[in-house]
Amino acid sequence: MAARARRDRRPAADTLAAAVDGGGASGMNLAELPTGDGEAPLFTTALTVGEAQAEWVRATGLAPVAKTGMRIFGGARGDAPERLLADVTGRGLLTRAGSILGVVGVDDPVQEALIGQVAEVTGLELLMEKAVPPAQIHRTWALWRSQHESATSEVRSLLSSVDAAVAERFVDRLLGELIRARGGQELLATLQAFISTGGTRERIAAELGIHRHTVRARMAKIEKLLGRDLSRAEEVQAVAMALELAELQPNGLGRTDLIRSVRPGTPARSRGLG
C-alpha cells in the first residue's frame, strides 16, 4: 500500500472517541474515518538529503527538519489500525506493508498519546521508535519491511532458529568492534548500504546522501574495525549474516540501534555512547 500524507482532519481526539465505542475494538465505527491520499516518496524512494527535505516540505507542509520521530508498529490486522492512525497523525505521514505500519512526523505530545491509544485499542506492537533524518526514512522503513516480508524465507527461517546466546556471540565477534566504535551507528548505516547495494560506492553515496569520498573513508575504517577484507565474497557473506542475526534479536531493534543493545549493563562509553 502506498504511503499517504494526511491533512485537514477534524480534531483527532474527537475522531478517536467517535471511532471507539465502549473502549473495545469490536465497537469501532470506521465508516466516517478518512483514508487520505497522496503518495509519499520519503517511504518509497531513496532520496538525497536535499531531495528528502524538499519532499518533506511538499508532503507535510511543515518546515525542513534535521530529524523527525519515526515509529514502526507490527501486528496490524484489517484496516482499522491504519484508518485510526490516519486520523490522529495530523500532518504526519503513514504507510503500511502487510502487518506493519510506519508513522513519521508526529512529535506533538497529544498526538503521540493518541497514537499510543490507537495501538492499545487495535493490538498494535511498537517495534521501533526513534528520531531519523528525512533522508533515512526510506532506508529505515525498507529494512523493517524487508525483515517482515522475508520472515518466511528459508535463510531467515534458519537464522531465526539459532540460539539467542549463540547469535549474540556471533554478532559481537563479527561486529562488536564496529558497534562499540565512536560513530558506530553511522558506520553501521554505511555497512548496511554496502551490503544492500552490492558495494557500489556511487549507490551507497546516493542512498546515504553523502559524498563518495566519504563512503571510501568510512569503508576503510569499517574494514579496519572488522578486520576483514570486504572485497572477498565469503567475508561479505559472514558480515551480512551477522547483520541479519542482529536484526532477529528478541528486542526487535533495527540494525542501526545495535549500538544500544550490545552487552547491556556495560559502561556507556564502552558501547560507543559516551
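Residues numbered from 1 in each chain as written. Predicted model: local features only at pLDDT ≥ 70, side-chain atom pairs only at ≥ 80, totals over all residues. Heavy atoms only, no water.

A. Summary view of the packing of helix α8 (residues 164-180) against helix α12 (residues 233-247). The geometry of α8 relative to α12 is characterised by a closest axis approach of 9 Å and an angle of 135° between their N-to-C directions. Between α8 and α12, the interaxial angle falls into the category oblique. Judged by the sense of rotation from one axis to the other, the crossing of α8 with α12 is left-handed. Residues A167, F170, V171, L174 and L175 of α8 form the contact with α12, whose participating residues are A238, V239, M241, A242, L243, L245 and A246. In terms of residue class, the contact of α8 with α12 is made up of 12 nonpolar, no polar and no charged. (Axes fitted to C-alpha atoms, helices over the stretch in contact; angles between N-to-C directions. Helix = DSSP H or I, 4+ residues; strand = E, 2+ residues; numbered from the N terminus. Parallel < 35°, antiparallel > 145°, perpendicular 65-115°, else oblique. Left-handed = near helix turned anticlockwise from the far one by under 90°. Contact = heavy atoms within 4.5 Å. Nonpolar A, V, L, I, M, F, W, Y, C, P; charged D, E, K, R; others polar.)

B. Local environment of α8. Its 17 residues give α8 an end-to-end C-alpha distance of only 20 Å, which falls more than 12% under 24 Å, the value for a rise of 1.5 Å per residue. The largest bend in α8 amounts to roughly 60° and is located at L174. When α8 is considered as a whole, its buried residues turn out to be A167, F170, V171, D172, L174, L175, G176, L178, I179 and R180. Two or three places before A165, at the start of α8, stands the capping residue D163, its side-chain oxygen 3.0 Å from that residue's backbone nitrogen. (Expected span 1.5 Å × (residues − 1). Bend = angle between axes of the 7 residues up to and from the residue. Buried < 20%, exposed > 50% of the residue type's maximum accessible area, 1.4 Å probe, protein only. Polar contact = N/O pair within 3.5 Å; in protein donor to acceptor, adjacent residues only side chain to side chain.)

C. Representation of the nonpolar core. Judged by nonpolar contacts, the single largest core of 27 residues is most densely connected at L175, L178, L191, I222, L226, L230 and V239. At the level of secondary structure, the elements contributing two or more residues to this core comprise α8, α9 (184-197), α10 (201-208), α11 (212-226) and α12. At 7 residues, the largest contribution of residues to this core is made by α8. Sequence-distant contacts of L226, that is, excluding residues within four places in its chain, are made with L174, L175, L178, L191 and V239. In terms of nonpolar packing, the next biggest core, distinct from the first, is built from 19 residues, A59, M70, L93 and I100 among them. (Core = buried A, V, L, I, M, F, W, Y, C linked by side-chain atoms within 4.5 Å.)

D. Region of interest: the confidence of the model for the protein chain. Taken as a whole, the protein chain shows an average pLDDT of 74; of its residues, 71% reach a score of 70 or greater. Across the protein chain, element-level confidence peaks in α11 with a mean pLDDT of 94 and bottoms out in helix α13 (residues 258-261) with 37. Here residues 1-39 is a poorly scored stretch, pLDDT under 50, and it has 84 contacts once near neighbours within four places are set aside; other chains count. A low-confidence stretch, residues 251-274 stays under pLDDT 50, and its non-local contacts, those more than four residues away or across chains, total 54 contacts. (pLDDT = per-residue confidence, 0-100.)

E. Local environment of the packing of aromatic side chains. The tally for this structure, following the rule as stated, stands at 1 aromatic pair. Seen in terms of ring centroids, F43 and W141 are 5.7 Å apart; in terms of plane orientation they differ by 80°. Their pairing is edge-to-face. With F43 in helix α2 (residues 41-44) and W141 in helix α6 (residues 137-149), this pair connects stretches of sequence that are 98 residues apart. Each member of the pair, F43 as well as W141, is classed as buried. (Phe/Tyr/Trp six-rings, centres within 6.5 Å; stacked < 30°, edge-to-face > 60°.)

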